[in-house]
There are 4 protein chains.
Amino acid sequence: MPKTSTAQPTRDKTFGRPDAGFRLRMYTVIFEADTRAGRLFDLLLIAFILASVAVVVLDSMASVHARHAALFQVLEWIFTAAFTLEYVARLACVRRPARYARSAFGIIDLLALLPTYIAILVPGLYALIDVRVLRLLRIFRIMKLTEYVAEYGALGQALAASRRKILVFMSFVMLVVVVMGTLMYVVEGPVHGYTSIPVGIYWAITTMTTVGFGDLTPHTDLGRTIASVMMLLGWGTLAVPTGIVSAEFTLQRQGHAPTTRTCHECLSEGHAPGALFCSDCGARLPAWRHQATEQGKT
Amino acid sequence: MPKTSTAQPTRDKTFGRPDAGFRLRMYTVIFEADTRAGRLFDLLLIAFILASVAVVVLDSMASVHARHAALFQVLEWIFTAAFTLEYVARLACVRRPARYARSAFGIIDLLALLPTYIAILVPGLYALIDVRVLRLLRIFRIMKLTEYVAEYGALGQALAASRRKILVFMSFVMLVVVVMGTLMYVVEGPVHGYTSIPVGIYWAITTMTTVGFGDLTPHTDLGRTIASVMMLLGWGTLAVPTGIVSAEFTLQRQGHAPTTRTCHECLSEGHAPGALFCSDCGARLPAWRHQATEQGKT
Amino acid sequence: MPKTSTAQPTRDKTFGRPDAGFRLRMYTVIFEADTRAGRLFDLLLIAFILASVAVVVLDSMASVHARHAALFQVLEWIFTAAFTLEYVARLACVRRPARYARSAFGIIDLLALLPTYIAILVPGLYALIDVRVLRLLRIFRIMKLTEYVAEYGALGQALAASRRKILVFMSFVMLVVVVMGTLMYVVEGPVHGYTSIPVGIYWAITTMTTVGFGDLTPHTDLGRTIASVMMLLGWGTLAVPTGIVSAEFTLQRQGHAPTTRTCHECLSEGHAPGALFCSDCGARLPAWRHQATEQGKT
Amino acid sequence: MPKTSTAQPTRDKTFGRPDAGFRLRMYTVIFEADTRAGRLFDLLLIAFILASVAVVVLDSMASVHARHAALFQVLEWIFTAAFTLEYVARLACVRRPARYARSAFGIIDLLALLPTYIAILVPGLYALIDVRVLRLLRIFRIMKLTEYVAEYGALGQALAASRRKILVFMSFVMLVVVVMGTLMYVVEGPVHGYTSIPVGIYWAITTMTTVGFGDLTPHTDLGRTIASVMMLLGWGTLAVPTGIVSAEFTLQRQGHAPTTRTCHECLSEGHAPGALFCSDCGARLPAWRHQATEQGKT
């Protein structure tokens with residue numbers, strides 16, 4: 001749950017804000033950010049998260065690993081200890097710890113501790129896990145940062161509001177890449193690298209998104225023609241989601257309601273926000289305010 | 001014809017909704033989606049289409065084909081049987097079967113059956129057709145899904161409304177890639193891979209659409225200069241169709257008419273959609289609807 | 001001069017419409033498109049232009065050239081004869097032929113005839129000119145098509161209106177690619193392919209425009225870091241011209257004047273189109289119509 | 001400080017405009033552009049800057065360097081002399097030279113002189129510095145041009161206004177590339193070129209920004225699947241900043257305030273900029289200017 005900045009008892013609906021005492025003091029520091037201690041805790045935790053991720057990244061570079069493996073190991077222990085303390089403290093000071101443990105944040109926090117504890121508790125399994133996979137698990141700690149960026153929630157909502165449009169667009173893209181990918185598989189064939197339909201689809205995606213790795217390229221004239229069509233199509237298609245999003249942002253800023261402003265008399269739609277009367281039947285349109293609550297669903 | 005969701009007799013204008021009896025019951029299940037049976041039929045058919053496409057995709061992968069060829073053959077027979085039943089049922093329950101057979105959906109449905117029936121009816125021809133082409137024919141089944149996404153119709157209409165703008169833009173792009181492609185063919189020449197003008201045009205398209213495969217690259221200084229100009233041009237040109245589409249979406253959402261809203265008294269233009277009075281002379285503006293029929297031509 | 005579609009004597013301001021007789025009849029066919037003969041001439045000419053370009057394109061393909069060189073030569077003679085007739089007819093039927101000859105269209109038309117006439121008049125020179133350059137000259141015939149697409153004029157005007165913004169943007173891009181290109185030249189050096197600053201600039205352009213050919217790639221860690229910064233910068237920078245163009249199109253459609261709507265009393269700007277009174281000093285704003293002529297300059 | 005075009009004494013707040021005499025005359029030429037001498041000075045300086053940069057660029061090309069090294073050396077001395085004169089003149093004619101020396105423009109001007117003076121003053125150090133680094137220092141002279149493009153200031157302000165949105169977006173992108181980059185490092189591994197997590201992150205950036213160099217490509221099926229997801233994600237994500245910027249430009253041009261225009265009577269929001277009366281309760285809306293000061297914070 002994103003950090004709150006006021007200590008209203010009603011704000012914490014999810015995990016349960018304790019009433020008093022040591023638990024309440026701990027809660028205001030960990031989950032809220034309006035006290036000096038709370039903000040300090042935040043900054044410290046963000047610093048630990050970033051440092052922890054940096055250590056994993058540096059540790060993956062063979063040259064750096066060769067020189068500082070021991071230091072990184074010690075740092076890793078410190079980070080794990082800190083994150084364990086944080087996790088235990090969170091569990092201890094909320095009134096519904098199980099709810100926290102099951103939430104997305106709770107799971108991320110647990111994953112962050114996993115690598116080191118697997119090493120302690122199940123050394124046999126740890127030895128079998130590829131060190132790269134362990135690095136991946138440690139990298140997931142970066143997801144703990146999402147708790148501190150309130151805008152992700154707004155962004156998520158904006159995307160959720162447009163989800164049907166997005167799904168339709170994605171389905172169209174999938175349709176095109178499947179058909180075009182198979183076409184290239186047929187035209188070029190395994191001799192030129194298109195060994196199966198999934199490979200053709202992979203090529204179609206690199207082309208339509210204009211990434212163009214170049215690991216697979218058409219060699220026949222017909223293949224190059226199909227590729228040209230795909231490139232122009234993908235290039236132009238990018239305009240569509242961009243246009244949708246631009247419109248969303250512009251209209252949000254103008255305070256525009258979605259066009260579902262409907263006349264109650266004749267049920268015609270599309271009336272401008274400032275209109276007082278239905279342009280079709282002359283009846284008085286419902287006031288702006290009343291319709292705002294009905295709208296918002298795209 | 002996209003699935004309808006109410007059973008109004010007037011809605012089926014295309015293929016002919018039967019009046020009663022077994023045909024009507026079949027029709028409501030296949031072509032309409034407001035009964036439970038109708039929705040179930042939909043879900044089942046979509047599941048079959050996706051499964052069928054998945055089988056073709058997996059079958060194209062040599063390793064998977066080696067292990068499951070027999071299973072895939074059996075599944076292919078099941079899919080063909082199901083699609084045949086569906087096709088026959090559609091033909092049987094509409095009043096104008098010929099019309100269905102000639103429609104886009106009818107042709108897609110028929111193509112979906114083709115590979116297996118060619119194998120049965122004309123085995124000699126089947127043996128000659130490349131297995132990859134047969135896979136392509138089976139992949140076309142994915143087009144049957146377009147019947148279930150109503151928005152494709154709206155998207156198609158939006159594109160049709162802007163078709164002149166799109167054509168002009170495309171003609172401009174073709175002009176540029178032909179001239180620039182030939183320029184690179186002249187400057188770089190066959191020694192660097194630009195063996196003919198079509199190849200130069202193919203390179204120009206990969207560059208202008210910013211795909212940049214890298215299978216052909218300029219090696220001379222002049223070639224690199226021309227390439228730089230093309231890249232900046234293509235990069236900037238993408239802004240144009242994106243801007244057109246953004247404007248379309250924004251104005252659609254605002255319920256905006258094109259700017260030809262004219263005051264009948266003083267003939268001034270540019271009045272906002274919601275305005276009731278001319279901001280120039282104070283006369284009452286004609287109602288929204290009257291002008292809507294004059295506008296809308298792009 | 002783009003084809004006109006009415007035969008008003010006032011419309012031809014550029015080349016001089018003849019008064020009567022055979023010249024007038026020829027003029028209405030060649031330069032105007034409201035008679036049946038005029039439209040037929042258009043279609044025929046467009047067909048010839050496209051056919052001529054197609055022949056050049058096919059002729060550049062070694063395999064096709066090997067089989068049809070003679071046919072192409074004959075067709076080339078036919079095209080040259082047709083274009084010569086057209087050029088002479090244009091010169092003959094306008095009243096100011098010198099003006100036509102000096103216009104862009106006149107020069108394009110002349111260039112279209114050049115290759116064959118060089119062959120006739122200066123065979124020595126012709127033998128020295130690379131056949132690829134001659135193909136390029138013939139390809140320029142495609143520019144004759146611009147006479148038939150009226151929208152190019154509108155597009156050109158829109159670009160001219162925004163030219164200062166475009167120049168500023170381009171200068172910013174040049175600044176970035178010069179500095180970043182030199183940086184990569186320093187960091188990666190000739191050993192990795194960055195042999196001079198122009199090469200670095202070329203690489204910077206392929207990266208910033210997201211084309212990414214791959215013929216030059218960073219190999220050092222620092223180089224890859226700089227490249228990452230450039231990619232994110234270029235990716236985000238594309239949003240700017242796209243946003244400018246989107247705004248232009250949206251506001252054009254809404255009949256929005258540029259924000260130079262100024263109050264004559266207090267000289268404050270930015271008044272909305274629909275406002276009657278200056279929101280700063282309360283004075284009455286000049287009517288919409290009067291300001292329309294002052295605006296339009298971006 | 002960008003060149004001013006009127007000689008109002010109040011305009012020069014930064015460096016101190018002198019009162020009279022030779023210093024004032026020098027100041028009007030160097031820092032102001034409304035006299036003929038001032039404009040001439042500008043053009044001359046811009047010419048020198050561009051020429052100087054061109055010389056550095058050409059000098060980096062081995063073939064050109066071989067032929068003209070001496071000429072370039074002489075030109076470099078001339079440029080350095082000119083820029084030294086300019087720098088000294090600027091310091092001499094402003095009233096607060098220390099302030100100029102510490103400003104961004106002052107530092108750029110000093111850097112522009114550095115290479116040659118290092119050669120004179122510390123020849124030992126100069127011999128050690130890579131000639132390429134010296135070329136980079138000379139290339140920075142191009143930044144002196146920013147003084148002459150007033151729009152950069154406006155662009156900078158627009159970006160500063162949206163900085164929080166930009167930061168949120170960038171943080172999201174970093175999150176994605178770190179996690180996805182590590183994923184590819186795990187899935188593909190060093191055997192396919194992904195030798196460390198930073199390399200994976202570099203690959204993730206080339207893919208998400210659709211640059212797609214091709215120096216690193218996925219070879220496993222799972223890797224190609226992850227790559228496909230990343231490409232579609234990056235392709236779609238580009239729509240977001242583009243949409244934000246488009247909205248900004250559109251609303252700027254419309255003179256649009258953010259949506260907090262509230263009616264003081266009934267507290268309804270979302271009133272169009274030009275509206276005089278609340279569309280909900282009929283009360284007169286507060287004037288435009290009063291609300292402008294409340295708004296503007298993004």
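Along each chain, the written sequence defines residue order, and numbers are assigned to residues from 1. Here chains are named by letter from A upward and ligands by number from 1 upward, in the order in which they appear as written. This being a predicted model, a pLDDT of at least 70 is required before a residue's local features are given, and a value of 80 or more before pairs of side-chain atoms are given or counted; all residues contribute to the totals for chains, interfaces and linings. Think of the side-chain values as coming from all heavy atoms in the structure, minus any hydrogens and water.

**What about the overall build of chain A?**
On a plain count of helices and strands, chain A comes out with 13 helices and 0 strands. In this description a helix means any DSSP run of H or I spanning at least four residues, a strand means any run of E spanning at least two, and both kinds are numbered starting from the N terminus. The secondary structure elements of chain A, listed N-terminal to C-terminal, are α-α-α-α-α-α-α-α-α-α-α-α-α. The cut-offs for exposure are 20% and 50% of the maximum accessible area for each residue type, with area from a 1.4 Å probe on protein chains only; residues under the lower value are buried, those over the upper are exposed, and the others partly exposed. Residue burial in chain A is summarised as follows: out of 298 residues, 50% are buried. Taking all contacts inside chain A whose residues are at least 6 apart in sequence as the whole, residues at least 24 apart take part in 57%. Working note: accessible area of chain A is about 13800 Å², and carbon and sulfur atoms make up 68% of it. Residues count as neighbours in contact if any of their non-hydrogen atoms are within 4.5 Å of one another. Areas reported here follow the Shrake-Rupley algorithm with a probe of radius 1.4 Å; residue values treat only the protein chains shown as occluding.

**Re the side chain of Lys144 of chain C**
Residues and elements named next belong to chain C. The topology assignment puts Lys144 in the loop between helix 7 (131-139) and helix 8 (151-161). A polar atom in the side chain of Lys144 sits 2.6 Å from the side chain of Asp109. Ignoring any residue separated from it by four or fewer positions in sequence, one finds Lys144 in contact with Ile49, Phe83, Glu86, Ile108, Asp109 and Ala112. Side-chain atoms alone can form a polar contact between residues adjacent in sequence; in general such a contact is a pair of N or O atoms within 3.5 Å, and within protein one must be able to donate a hydrogen while the other accepts it.

**Structural notes on empty space enclosed by the protein**
Two kinds of site are reported from a 1 Å grid over the protein atoms alone, namely cavities, where a 1.4 Å probe fits but cannot get out, and pockets, open sets with protein on both sides within 12 Å along at least five of seven lines, and residues are called lining when an atom falls within 4 Å of a point. Grid points are joined across faces, edges and corners, and a volume is the space filled by probe spheres set on the points. By the definition in use, this model includes 9 cavities of 30 Å³ or more. Estimates place the volume of the largest cavity at around 110 Å³. Lining the largest cavity are 15 residues, with Thr210 and Leu238 of chain A, Thr210 of chain B together with Thr210 and Leu238 of chain D sitting closest to its centre. Each residue gets one label: Ala, Val, Leu, Ile, Met, Phe, Trp, Tyr, Cys and Pro are nonpolar, Asp, Glu, Lys and Arg are charged, and the others, such as Gly, are polar. Residue composition of the lining of the largest cavity, grouped by class: 8 nonpolar, 7 polar and no charged.

**Some points on the UniProt feature "transmembrane region" (unreviewed entry) in chain A**
Residue and element names in this part refer to chain A. UniProt positions are given in the numbering used here, feature names are shortened, and annotations may be inferred rather than shown by experiment. As recorded in UniProt, the feature "transmembrane region" (unreviewed entry) lies at residues 40-58, 70-89, 110-129, 166-187, 194-214 and 226-251. Span residues 40-58 is 100% helix and 0% strand, its end C-alpha atoms 27 Å apart. End C-alpha to end C-alpha, residues 194-214 measures 13 Å, and it is 57% helix and 0% strand.

**What about unusual backbone geometry?**
The phi torsion at Thr210 of chain A lies on the positive side, around 60°, for a residue other than glycine. Counting through the fold element by element, Thr210 of chain A comes out in the loop between helix 10 (197-208) and helix 11 (221-237).

**Digging into the pattern of salt bridges**
Residue and element names in this part refer to chain C. We count a salt bridge whenever a side-chain nitrogen from Lys or Arg sits within 4 Å of a carboxyl oxygen from Asp or Glu. One pass over the full model with this rule turns up 14 salt bridges over all chains. Here Lys144 ties to Glu86 by a salt bridge, and the two come within 2.9 Å at their closest N and O atoms. One end of the pair, Lys144, is in the loop between helix 7 and helix 8; the other, Glu86, is in helix 3 (residues 62-93), and 58 residues separate them in sequence. A salt bridge links Arg90 to Asp109; the nearest nitrogen and oxygen atoms lie 3.9 Å apart. Taken as a pair, Arg90 in helix 3 and Asp109 in helix 5 (residues 104-121) lie far apart in primary sequence, 19 residues in all. As far as the burial class goes, Arg90 and Asp109 line up, both buried.

**Quick look at the packing of aromatic side chains**
We describe a pair of aromatic rings using the distance from one ring centre to the other and the angle between the two ring planes. Ring geometry is summarised as follows: Phe, Tyr and Trp rings, the Trp one being its six-membered ring, pair when their centres sit within 6.5 Å, and such pairs are stacked at plane angles under 30 degrees, edge-to-face over 60 and tilted between the two. On inspection of all chains with the given rule, the structure shows 16 aromatic pairs over all chains. Look at Phe48 of chain A and Phe79 of chain A: their rings are 5.8 Å apart centre to centre, the planes differ by 85°, and that puts the pair in the edge-to-face class. One end of the pair, Phe48 of chain A, is in helix 2 (residues 36-59); the other, Phe79 of chain A, is in helix 3 (residues 62-93), with 31 residues separating them in the sequence. Taking the relative accessible area as the measure of exposure, Phe48 of chain A reaches 25% and is therefore partly exposed. By the ring-pair criterion, three or more aromatic residues cluster together here, those being Tyr194 and Trp203 of chain A together with Phe213 of chain B.

**Section: the packing of helix 10 (residues 197-208) of chain B against helix 11 (residues 221-237) of chain B**
Residue and element names in this part refer to chain B. The angle between two axes is taken between their N-to-C directions and runs from 0 to 180 degrees, where each axis is a line fitted to C-alpha atoms and a helix contributes only its stretch in contact. Direction vectors running N to C along helix 10 and helix 11 enclose 55°, while the axes themselves pass 8 Å from each other. With respect to each other, helix 10 and helix 11 are oriented oblique. For the pair helix 10 and helix 11, contact is made by Trp203, Ala204, Thr207 and Met208 and by Ala227, Met230, Met231, Gly234, Trp235 and Thr237, respectively. Each residue belonging to the contact of helix 10 with helix 11 can be placed in one class, and the counts come to 7 nonpolar, 3 polar and no charged. Working rule for angles: under 35 degrees goes down as roughly parallel, over 145 as roughly antiparallel, 65 to 115 as roughly perpendicular, anything else as oblique.

**Comments concerning the environment of Ile107 of chain C**
Residue and element names in this part refer to chain C. Secondary-structure assignment places Ile107 in helix 5. The exposure class of Ile107 is partly exposed, given its relative accessible area of 45%. Sequence spacing of Ile107 and Lys144 is 37 residues, and the spatial spacing of their C-alpha atoms is 9.9 Å. Ignoring sequence-local partners within four residues, the contact set of Ile107 consists of Ala101 and Arg102.

**Some words on the side chain of Arg224 of chain B**
For Arg224 of chain B, the location among the structural elements is in helix 11. Discounting chain neighbours no more than four positions away, the residues touching Arg224 of chain B are Pro218 of chain B together with Val199, Tyr202, Asp215 and Leu216 of chain C.

**Quick look at the environment of Glu32 of chain D**
All names here are of chain D. Within the element layout of this structure, Glu32 appears in the loop between helix 1 (21-30) and helix 2 (36-59). On the basis of relative accessibility, which here comes to 3%, the residue Glu32 falls in the buried class. In the structure, Glu32 is positioned 112 residues away from Lys144 in sequence and 16 Å away in space, judged by C-alpha atoms.

**Regarding a nonpolar patch on the surface**
The grouping of Trp77, Ile120, Leu121, Val122 and Leu125 of chain A at the surface amounts to a nonpolar patch, some 500 Å² of accessible area in total. For Ile120 of chain A, the location among the structural elements is in helix 5 (residues 104-121). For patches, a residue must show more than 30% relative accessible area and have no salt bridge; joins then use 9 Å for like charges and 5 Å for nonpolar side chains, namely Val, Leu, Ile, Met, Phe, Trp and Tyr.

**Looking at the nonpolar core**
Within the largest apolar cluster, 230 residues are counted, with the highest numbers of intra-cluster contacts made by Trp203 of chain A, Trp203 of chain B, Trp203 of chain C together with Trp203 of chain D. If near-sequence neighbours (up to four positions away) are discounted, Trp203 of chain D is found in contact with Phe213 of chain A together with Met184, Tyr194, Leu216, Thr217, Pro218, Ala227 and Met230 of chain D. In this text, buried Ala, Val, Leu, Ile, Met, Phe, Trp, Tyr and Cys residues form a nonpolar core when linked through side-chain atoms within 4.5 Å.

**Some words on the packing of helix 5 (residues 104-121) of chain D against helix 7 (residues 131-139) of chain D**
Helix-helix packing is described using two parameters, namely the angle between the two axes and the distance between the axes. All names here are of chain D. The geometry of helix 5 relative to helix 7 is characterised by a closest axis approach of 7 Å and an angle of 150° between their N-to-C directions. Here the hand of the crossing between helix 5 and helix 7 comes out left-handed. For the pair helix 5 and helix 7, contact is made by Leu111, Pro115 and Thr116 and by Leu134, Leu137 and Arg138, respectively. Class assignment for the residues of the contact of helix 5 with helix 7 results in 4 nonpolar, 1 polar and 1 charged. We call a crossing left-handed when the near helix sits turned anticlockwise from the far one by less than a right angle, and right-handed when that turn is clockwise.

**Describing helix 2 (residues 36-59) of chain C**
Taking 1.5 Å of rise per residue, 24 residues should cover 34 Å, and helix 2 of chain C covers 34 Å from first to last C-alpha, within 8% of that figure. Among the residues of helix 2 of chain C, Gly38, Asp42, Leu45, Ile49, Ser52, Val53, Val55, Val56, Val57 and Asp59 of chain C are the ones counted as buried. At its buried positions, helix 2 of chain C is contacted by helix 10 of chain B together with helix 1 (21-30), helix 3 and helix 7 of chain C. By this rule the span expected of a helix is its residue count minus one, scaled by 1.5 Å.

**Some words on a positive patch on the surface**
The charged-residue count follows a simple rule in which Lys and Arg add positive charge and Asp and Glu add negative charge, with His and chain termini not counted at all. Each charge is placed at NZ for Lys, CZ for Arg, CG for Asp and CD for Glu. A grouping of Arg23, Arg95, Arg96, Arg99 and Arg102 of chain A is seen on the molecular surface, where their side chains present a positively charged patch. By the element assignment, Arg102 of chain A lies in helix 4 (residues 97-102).

**Considering the confidence of the model for chain A**
Residue and element names in this part refer to chain A. A score between 0 and 100, pLDDT records how confident the predictor is in each residue. Residues of chain A with pLDDT of at least 70 account for 72%, and the chain-wide mean is 76. Model confidence for chain A, summarised as mean pLDDT per element, is weakest for helix 13 (residues 288-294) at 39 and strongest for helix 10 at 92. Low pLDDT, under 50, characterises residues 256-260; the predicted model gives this stretch 17 contacts beyond four residues in sequence or across chains. Every residue in residues 288-298 is under pLDDT 50, and counting partners more than four places away or in other chains gives 24 contacts. Here the complex is predicted with pTM 0.77, and the ipTM for its interfaces comes to 0.73.

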